[in-house]
Structures are given as structure tokens and as C-alpha cells.
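# Notes for the structure review
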Amino acid sequence: MQFRQKALSKLQSPEELDLPVRYARPQGRLVLAVTALVMAAAAYWALTGTVSSQLTAPGVLTHAKGSYVLQSPVAGQVTAVMADEGRMLREGAPLLRVRTERGDRAVRAVAAGRVNSLTAKIGSVVTTGADVATVERIDDPGAPLVAMLYVSGDSGSTVPVGAAVDLKVQSVPQQRFGVLRGRVKAVGRAPQTEAQLTGFLGDRRLGEQFSAQGQPVAILVQLERSARTKSGYAWSSAEGPPFALDSTTPVSGAIRLASQRPVDWLLP
């Protein structure tokens, strides 16, 4: 009976108009205001903000014309080495002298450049077609370096010419000297085979490395110059490393792709 009387009393006054209205507490109003502010800021950023994506690619420092592997046109024993590593050679300049059955023959540079490495030594025996040296194609010893990066074939079309590139140089501590600055100068039109990579870089190991995941597309990166650094190039740090950069130094490049608006990801 007691519960029935309470139920009847509630039915007689269902709206409870005689009770005072309870407003939200100050803490609740603060939470609501903060939530509304965050949602408004997120909506504004989604409409006006941009998001930059990056593409990371391995590569190497070199010169724009690349290198070539000099092979011996004759078989015999090397009796003289007429050029040291680092020396500039003109086209047709003798590099080695080889004693053959028909007398001494000279192994000459196919194109002008600088000797990067010598495989053949005095006393060594070479066969016809054997690799004896790697020569970098440069006419001027002070010619600037470039970075050649290699990306997968389906990623090459996403790289715009002029895109900024940050290069981590293997021989330079990044925590101390930062990264090397550059910009994309050219993008390859077609993927390259291992033979093409080896022919340009003058190194079979690099050709195998860059083609291990398939035929890549070459990205030519022009390094930004700076007269304030020892290396002659611009770095994210003020002065960069206190030494010059060498060709064939491995690098890893972070290519900054075109910025996109976040709202484009949500709308079809």
C-alpha cells in the first residue's frame, strides 16, 4: 500500500512543476566550451591547413655524368701503372702498360675523367675484358657534386621537379652537423636495369644494391651551394662538417612531396 500511494502521488504531479530547475555546473560549462573550441579549430585546420608527405630513397653522391669501368682490351701482365687514384686523365691518356705476347700494350682512358679506383696493380695478370679501373666522367676537378636517388618504379611519378630534399650523408654525423640540402632537378622517365645502373655508377655492387627490389627510377638532386661551409654545400646546421665531401659517398634522401589538404582525404 505504501508503494501504491507513492505511485498515485507521482501521477498526480507528473511534471513536477513545483520543483526548482537545476542548471549545469560551472565545471560542465567549461568542458563544453573547450570541446566546442577544439572542434572549431579542427574544422578550420581541415579546410585551410595542409599536410606534407615524404618519400625516403637511398642514393649516392656523384657527378652528373657518372662513372665508367675501364676494361683491359688485351691479356697479359701489368708492368707499369701510369696514373694514381685521384688523378685527372684526358681522353686517350695511358693508364696501364701490359706485356702481351705481341709486346707491350697500353690501356687508355676511354673518356676524360678522374681515376676513382685502380683494380690492376704492377705484376698482376689481367685477361681481355677484365676490370682494371673506375673513372669518373668530369672535365673540371671543381665540378659540383649531385645526389642520385633511386625510388621504386611506381613512386617516381609522385616526385615533382623542384621538390626539397634532405640528405643524410653516411660519413657525416647527423646529430652534430645535420643534413645536406638539395632540390630535385630531374626525374627519370623509365625504370633502370641493373646493367644501366652499373654503367652509370661504375660499380656493380651499387647496381645490385639499388636494383635489389626491382628496377628503380633515378632522381637527380642538385645540392644547394654555400660559401660559408667547408664542404661548399648548404646544411641544416650553420657550418656543416669541417671537410669536403667525396664522390660515391652513400646517402639517404627524404623527398618532400606536394602538400595536400586534410579535407581531401575525407571527401570523395
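Notes on the structure follow. Just so we're clear, the structure is a prediction, and the values are computed from it rather than from any experiment.

Conventions used here
Residues numbered from 1 in each chain as written. Predicted model: local features only at pLDDT ≥ 70, side-chain atom pairs only at ≥ 80, totals over all residues. Heavy atoms only, no water. Pairing = 2+ DSSP bridges. Helix = DSSP H or I, 4+ residues; strand = E, 2+ residues; numbered from the N terminus. Axes fitted to C-alpha atoms, helices over the stretch in contact; angles between N-to-C directions. Contact = heavy atoms within 4.5 Å. Salt bridge = Lys/Arg side-chain N within 4 Å of Asp/Glu carboxyl O. Buried < 20%, exposed > 50% of the residue type's maximum accessible area, 1.4 Å probe, protein only.

The next point concerns the sheet that holds strand E1 (residues 54–62). The sheet built from six strands closes into a barrel, its strands ordered E1-E10-E13-E12-E11-E14 with antiparallel pairing. With direction set aside, neighbouring strand axes in the sheet form an average angle of 40°. The pairing of E1 with strand E10 (residues 146–151) spans four bridges and is antiparallel. Residue pairing for E10: Leu61 is matched across the bridge by Ala147. Contacts from helix H4 (residues 194–201) reach E1 and E10, with the element oriented near 170° to E10.

Moving on, we get to the pattern of salt bridges. For the structure shown, the criterion picks out eight salt bridges. Among the salt bridges present, the one from Arg205 reaches Asp203, with a minimum N-O distance of 3.6 Å. Classification of Arg205 by relative accessible area gives exposed; the value is 65%. Connected through shared salt-bridge partners, Asp166, Arg181 and Arg256 make up one network.

A separate point is the sheet that holds strand E5 (residues 94–100). Strands sit in the order E6-E5-E3-E8 across an open sheet of four strands; the sheet is antiparallel. Single-partner strands in this sheet number two, and they are strand E6 (103–108) and strand E8 (125–126). Bridge count between strand E3 (residues 76–81) and E5: four bridges; the pairing is antiparallel. Residue pairing in the sheet places Val81 in a bridge with Leu96 of E5.

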